[in-house]
Amino acid sequence: MERTWIKIYDVCSSHQIEIQFVRELSASGLIELITEEEMEFIDEEQLYLLEQFANWHYELELNIQGIEVARHLLTKIERLQRELDLLK
Amino acid sequence: MAFVDYYKVLGLDKGASADDIKKAYRKLARKYHPDMNPNDEAAKQKFQEINEANEVLTDSEKRKKYDQYGENWKHGEAYEQASRQQRSQQSGQTTGNPFEGFDFDGYNGNYDAGEFSDFFEQMFGSRSGGGRQAKFRGNDYNSVLELTLQQAYSTHQQTFTVNGKNIRITIPAGVENGQKIRLKGQGAEGINGGPAGDLFIQFDIKTDPQVQRQGNDLHKTQEVDLYTMLLGGELLVETFAGKIKVKVKPETQNGSRIRLKGRGFPVYKKEKEFGDLFISLQVKLPTDLSTEEIALFQQLANKRK
């Protein structure tokens, strides 16, 4: 499957996000970054996740740990909702 | 239109400091943010109320006006006018109720049905005039779309309804079971002019009783009569792309597998690339044998002894 990779530097500059925050998200496994020739890239498919986490961090003041917990619980809600829909 | 107690909305009293307001807002925003409460209209409504309260109480001018008029907000402008008149007449004398004697039912401030309450719009006008409210991205929607294996085999369009909105999408051939696609901006509308959320569609591909899919390969079991298995011949195999002729070699063993290269499932987003089709041949023994057939089989059996 074809994937489009976007330079993290470009994303940070257009969204006004600190690069360190993106790296921390990656270190926590919340997003996936790849490094090519000393440049970091994010899969376009994951851009919405980065935008969402940045929103939580800057607007709701959630730290990385908080984002991890929220993400985990939301995934769980989503799964339970799907199960509930199937049982209906 | 009811008065909205913004202090109460944020759980504060009138003496709250800017820091108290910020803290209370953050705390409630975390609780009721639409991202944290997927598909919860009540939470979204509450979040809008919190935003509105924050908008007013963090803006010193708005807060001053709100504090000054409070529940008498409807008559605020008239009160200001009356005050001005009184000052110019240097009369200084006021009645118990400064709004007494005024009839301002005709007042219909500058508002339309936006994201903020009618109360806000009437008191402060439309907030599309440079409010410094944080914009929030709309909620994402998640949807599951069921497909048959046959449907997933070819690129096709489907129309379906999500939250009352008809959405037409092109489903590329070769989508996988459980695969998710994102339709940008097709989720819930943003808050305070923020961007709309996304719509995620997950494909639930039903299993097919005739064909099993393993990645891009297809596996099928085909019954073949005894004589074709023994003597060889041709058989017609039904595939998603139509019927195809397959040669069977003489003395083919039961359970033998034939591989048809490039006759399997299309590779996702790779035009003209297909997996392989594997056909397991299963002998179908004749039943209801006639006396003559039994005798002939007996003869064959004796020859093999």
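Residues numbered from 1 in each chain as written. Chains lettered and ligands numbered in written order. Predicted model: local features only at pLDDT ≥ 70, side-chain atom pairs only at ≥ 80, totals over all residues. Heavy atoms only, no water.

A. Region of the structure containing the sheet that holds strand β1 (residues 141-147) of chain B. All names here are of chain B. The strand order across the open sheet formed by three strands is β1-β5-β4, and the pairing between neighbours is mixed. Where the open sheet ends on each side, the last strands, each with one partner, are β1 and β4 (180-183). Within this sheet the neighbouring strands show an average axis-to-axis angle of 25°, counted without direction. (Pairing = 2+ DSSP bridges. Helix = DSSP H or I, 4+ residues; strand = E, 2+ residues; numbered from the N terminus. Axes fitted to C-alpha atoms, helices over the stretch in contact; angles between N-to-C directions.)

B. Inspection of the nonpolar core at higher detail. Ranked by internal contacts, the top residues of the largest apolar core, which has 48 residues, are Leu25, Ile31, Leu50, Phe53 and Trp56 of chain A. Listed by contribution, the elements that provide at least two residues to this core are α1 (8-15), α2 (19-27), α3 (47-60) and α4 (64-87) of chain A together with α1 (6-9), α2 (18-32), α3 (41-57) and α6 (118-124) of chain B. Among residues more than four places away in sequence, those in contact with Leu25 of chain A are Leu30, Ile31, Leu50, Phe53, Ile64 and Ile67 of chain A. If you look at the next biggest cluster of nonpolar residues, it comprises 36 residues, including Ile167, Leu218, Val248 and Phe265 of chain B. (Core = buried A, V, L, I, M, F, W, Y, C linked by side-chain atoms within 4.5 Å. Buried < 20%, exposed > 50% of the residue type's maximum accessible area, 1.4 Å probe, protein only. Contact = heavy atoms within 4.5 Å.)

C. How the structure looks around the environment of Phe120 of chain B. Residues and elements named next belong to chain B. Residue placement: Phe120 occurs in helix α6. You can call Phe120 buried: its relative accessible area is 0%. For the pair Phe120 and Val4, spaced 116 residues apart in sequence, the C-alpha to C-alpha distance is 8.2 Å.

D. Expanded view of the interface of chain A and chain B. Contact residues are listed per partner, giving 17 residues for chain A and 22 residues for chain B. Our count for the chain A to chain B interface comes out at six residue pairs in polar contact (both at pLDDT 80 or more). Of all the secondary-structure elements, those providing two or more residues to the side of chain A that touches chain B are α3 and α4 of chain A. In terms of residues, the side of chain A that touches chain B owes the most to one element, α3 of chain A, which gives eight residues. Residue classes in the side of chain A that touches chain B are distributed as nine nonpolar, two polar and six charged. (Polar contact = N/O pair within 3.5 Å; in protein donor to acceptor, adjacent residues only side chain to side chain. Nonpolar A, V, L, I, M, F, W, Y, C, P; charged D, E, K, R; others polar.)

E. Representation of the packing of α2 of chain B against α3 of chain B in the model. Residues and elements named next belong to chain B. α3 packs onto α2 with a crossing angle of 165° between their chain directions and a minimal axis gap of 9 Å. With respect to each other, α2 and α3 are oriented roughly antiparallel. Crossing of α2 against α3: the hand is left-handed. Judged by residue contacts, Ile21, Tyr25, Leu28, Ala29 and Tyr32 of α2 engage Ala43, Lys46, Phe47, Ile50, Asn51, Asn54 and Leu57 from α3. Counted by class, the contact of α2 with α3 contains nine nonpolar, two polar and one charged residues. (Parallel < 35°, antiparallel > 145°, perpendicular 65-115°, else oblique. Left-handed = near helix turned anticlockwise from the far one by under 90°.)

F. Representation of the sheet that holds strand β2 (residues 33-36) of chain A in the model. Residue and element names in this part refer to chain A. The antiparallel open sheet is built from three strands, whose spatial order is β1-β3-β2. Edge positions in the sheet fall to β1 (5-7) and β2, since each of these pairs with one other strand and no more. If you compare each strand with its neighbour and ignore which way they point, the axes differ by 40° on average. Bridge count between β2 and strand β3 (residues 39-43): four bridges; the pairing is antiparallel. Across the sheet, Glu36 pairs through a bridge with Met39, a residue of β3. Against the sheet, α1 touches β1, β2 and β3, its axis set at about 65° to β1.

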